[in-house]
Each structure stands twice: as structure tokens, then as C-alpha cells.
Amino acid sequence: MLQQTQVATVVPYFSRFVEQFPDAHTLAQAPLEQVLRAWEGLGYYRRARQLHQAAQMIVRDHGGEFPQDIDAVRRLPGIGRYTAGAVLSIALNQRHPVVEANTIRVLSRLFAVAIDVGKESGRRTLWSLAEQLVPAARPGDFNQALMELGGTICKRRDPNCENCPISRWCRAAQLRQVERFPRKSPRAKVTFQQEVAVVVQRQRSVVLRRCGPDERWAGMWDFPRYRRPERNVESALAEMIRADLGLSVQLHSLPWRFKYSVTRYRIDLTTVASTRCRGRIKTSSPAKWVKIEEMETFPLNVSARRVARQLRLSQRKLN
DNA sequence: AATCCGGGGGG
DNA sequence: CCCCCAGGATT
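Before going into details, it helps to say that this report is about the structure given with it. It should be emphasised that the depicted structure is a prediction, and the values quoted were computed from it without experimental measurement.

Quick look at the overall build of chain A
And step 1. For chain A, the helix and strand inventory stands at 14 helices and six strands.
And step 2. Burial status across chain A gives 45% buried among its 319 residues.
And step 3. Of the contacts formed within chain A by residues at least 6 apart in sequence, a portion of 60% connects residues at least 24 apart.

Observations concerning empty space enclosed by the protein
And step 1. According to the stated counting rule, one finds two cavities of 30 Å³ or more in the structure shown.
And step 2. When its volume is computed, the largest cavity comes out at roughly 100 Å³.
And step 3. Around the largest cavity, the lining comprises 14 residues; the ones closest to its centre are R109, C154, C164, I166 and C170.
And step 4. Ranked by the residues each element gives to the lining of the largest cavity, the list is headed by helix α7 (residues 101–110), at three residues.
And step 5. Grouping the amino acids of the lining of the largest cavity by side-chain chemistry returns eleven nonpolar, two polar and one charged.

Observations concerning the environment of V98
And step 1. Secondary-structure assignment places V98 in the loop between α6 (81–92) and α7.
And step 2. Taking relative accessible area as the criterion, V98 reaches 1% and is therefore assigned buried.
And step 3. With near-sequence residues (within four places) excluded, V98 lies in contact with Y82, G85, A86, T103, W127, A130, N143 and M147.

As for the protein's contact with DNA strand C
And step 1. Around DNA strand C sit 24 residues in total, of which V7, G78, T83, E100 and M147 are the nearest.
And step 2. One of the backbone nitrogen or oxygen atoms of G80 is found 2.9 Å away from a phosphate oxygen of DNA strand C.
And step 3. Between A101 and DNA strand C, the recorded distance is 3.1 Å, taken from a backbone N or O atom to a phosphate oxygen.
And step 4. Elements with a contribution of two residues or more to the surface near DNA strand C: α4 (45–62), α6 and α7.
And step 5. Residue composition of the surface near DNA strand C, grouped by class: eight nonpolar, nine polar and seven charged.

The rules behind these values
Residues numbered from 1 in each chain as written. Chains lettered and ligands numbered in written order. Predicted model: local features only at pLDDT ≥ 70, side-chain atom pairs only at ≥ 80, totals over all residues. Heavy atoms only, no water. Helix = DSSP H or I, 4+ residues; strand = E, 2+ residues; numbered from the N terminus. Buried < 20%, exposed > 50% of the residue type's maximum accessible area, 1.4 Å probe, protein only. Contact = heavy atoms within 4.5 Å. 1 Å grid on protein atoms, 1.4 Å probe; cavity = no way out; pocket = protein on both sides within 12 Å on 5 of 7 lines; lining within 4 Å. Points joined across faces, edges and corners; volume = space filled by probe spheres on them. Nonpolar A, V, L, I, M, F, W, Y, C, P; charged D, E, K, R; others polar. Near = heavy atom within 4 Å. Polar contact = N/O pair within 3.5 Å; in protein donor to acceptor, adjacent residues only side chain to side chain.

What follows is the structure in C-alpha cells.
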């Protein structure tokens, strides 16, 4: 869960998760749907699928006990050098280094690493430094201390060098250029595309579709979602729905635009609208057709059986 | 080596 | 608006 996700975000998810899946057997035997459900809102859903696979591998190949050999750990899906080193150093007191966001910042400043830490050569340098520094005694404490230092003192902006216990050895601090490190090349820009999600409500059911393998949220359930037409939105949308779902619909005026979240999706539209929407939404009026401009969404991963019969047409097309 | 996954924190 | 987050897999 902590891979590319902030600690504060993870904590409540982690608590619920370990309560629901206390050991490898429980997790391995749980349906993937249930695991994804527990992951809902965290993003990077591949991690949940891989964790599920890893639990099954641990049960099958390691008798349900987490392997202690670093190479065996690395073979588990979703576990790379950082995660393997972190688990084995912290839990089993094995001497392995860790390199992640915090230690990258600390080490790159401590040694004024001039190379781009996003590049392979920069990473090699950092792993080498971390490997040389981690002690045989209490390596897990050392690694956590390094990460904690990066999280509390050696922050990305406005680092607290005055209270840093190792600032007297810090090359970047000596150079008065702490904030110039770590060196990174600018990220690729992210482009946004306008999409329209459609909520089709019939009695207490709602039409969902499963995201295809090559689109975002692959394999997960979502409202039917389409690129927003340039013009003639209503008629173009109706045509897309007819072609995609085999449903003949007529769109009236589309009065509401709002961001939507389906994390707490229940089944009726008013709940969806009232949980996370922003803007002027009247939840009391049960509109049949609502246009949603997708700005931010959470995945929808409901137990969709209740509405699945409305999906047979589109499902057949996908399979 | 570059790209993708993704919601959310915080300036 | 921006950059980044206790990374890893895929291409």
C-alpha cells in the first residue's frame, strides 16, 4: 500500500485490510473482488491483484509463511528491491538497504549527488550509498530512521536543517543548497481528457459496464463512460450508448454537471450524488438521465450481480 | 530508458 | 495551478 502512496493516506486502509485479511491463508482464499473492494480508493489496483497473487504463492510455495530469502521474496509479484529490503530488514533484521522517496532525498543531500535520481545511474548511486551505510546491527531501525528523517526533517521543501542530527555531515547543507537536491528531470506532462459518464437508473438498478483490458480501471466496474463529444452532446451520447450498450435512449436536457465519486456507491442515484458531489445537486429529484463530467473519480467495484442482467449485451461484446 | 498506473496531500 | 508520495511492471 505504501508504494507511491503517502503514509497518512494508507493508515486507515491498512488497519481495515489487516483486520479483514489477517494472514496469507485468509487473503489467498478471499475472492479477488473482495480484495479489490478493500482497496477501493487507493489507486494502483495492480498492487491489490499482485498482493492477492503473492498471498497465494506464499501459501502454495512457502507453506503460508512469508519467505525469508531475499531472492524468494523478490519473486513475489509486486515486490521489488525496496519492498523486499524493507520487509526483511524491519521484520527479520536482515541487512538490506532501502531506497525510496525519503532516503533518496536524505542521501542525495547528504552526499550532494549531482546525478539525476530519476535515471538509472542515479538510482545505482543511491543504492550503492545505502548499501554501504546500512549496518549489520539493527538494519531495520537504521532504514526506518533514515526514512523518518526524510519524512519529518529532511523534507522536500523547507527542510529543518537546524534540528537535523546529521546536518554537520551533510554536503548539501555545507553548500547551502539543500533544496537543490535531489536532482530530477521534469516529469512528463499529464493531459486530461473530457469524458462523460452516464447513470442509467431503472427502479433500484443502475447500468454498469466492465472496463476493457486496455482502458483505465481495466476489469473494474464503472458507469458507461465515453469521450465527451465536441458538440451535439445529447444526440452523440445517445448514439454512443446505443452502439455500446444496445440501449435505445433519449436524452433530454442535461441539467447537472458535477464531479462524482462512486467509492461509497450504494445503488441508488441519490446516494451517489449526495456522497461526494460538488456543485449544485438536488438529490431529492430522481433524474433519469444525468450527465457527469468526470474530473476526479474513484473506482467502482460494486458487487455488480444485482445489475448484471442489464449488462448482458455489453458483456457479450467484451468477451 | 521511458511509460503507465491513480487518488490525494500540500504549497 | 503545481509537484510529489515509504515503487514496480511492462514495453
